[in-house]
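Structural features, examined
Letter by letter, the chains look like this.
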Amino acid sequence: MIQNTPLKSVESEIEIVLDSNLQAQVVFTSVNPEIISSPSQRSSMEMLVKGKSIFLKIKSKDSASFRASLNSSIKWIMLSLEVLELQKEDY
């Protein structure tokens, strides 16, 4: 971590718009437990669902922990969407 940086913290809220309310709810239900239990003293995450949108809020003490939290949450969301897509192919 860079010691002499003017950066005190990094905070962002990201909206991810999915194809349907059901898809957003399934992704939220799948990923939110990971968001809640993600252990970090340098970063916190919160996820909300509204309609077909998922809102991801990340607060971090530094850019490295922000990037790690963002990457993890995006990977979990993408994995959930891939599983949903595989399930569609079975029908």
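No experiment lies behind these values; they were computed from the predicted model shown.

**Looking at helix H2 (residues 63-89)**
The terminal C-alpha atoms of H2, which comprises 27 residues, lie 39 Å apart, in line with the 39 Å expected from a rise of 1.5 Å per residue. Taken together, the buried positions of H2 are occupied by Ser65, Phe66, Ser69, Ser73, Ile77, Ser80, Leu81 and Leu84. The N-cap of H2, judged by a side-chain oxygen 3.2 Å from the amide nitrogen of Ala64 a few residues on, is Asp62.

**Topic: the sheet that holds strand E3 (residues 53-60)**
The strand order E1-E3-E2 describes an open sheet built from 3 strands, whose pairing is antiparallel. Of all the strands in the sheet, just strand E1 (10-17) and strand E2 (43-50) have a single pairing partner and so form its edges. Recorded for the sheet is a direction-independent mean angle of 15 degrees between the axes of neighbouring strands. With 8 bridges joining them, E1 and E3 adopt antiparallel strand pairing. Bridge pairing in E3 links Glu11 to Lys59. Lying on the sheet, helix H1 (residues 21-37) is in contact with E2 and E3; it crosses E2 at an angle near 160 degrees. Each of E1, E2 and E3 is contacted by H2, which is oriented at about 155 degrees to E3, the strand it contacts most.

Quick notes on the rules
- Residues numbered from 1 in each chain as written.
- Predicted model: local features only at pLDDT ≥ 70, side-chain atom pairs only at ≥ 80, totals over all residues.
- Heavy atoms only, no water.
- Helix = DSSP H or I, 4+ residues; strand = E, 2+ residues; numbered from the N terminus.
- Expected span 1.5 Å × (residues − 1).
- Buried < 20%, exposed > 50% of the residue type's maximum accessible area, 1.4 Å probe, protein only.
- Polar contact = N/O pair within 3.5 Å; in protein donor to acceptor, adjacent residues only side chain to side chain.
- Pairing = 2+ DSSP bridges.
- Axes fitted to C-alpha atoms, helices over the stretch in contact; angles between N-to-C directions.
- Contact = heavy atoms within 4.5 Å.

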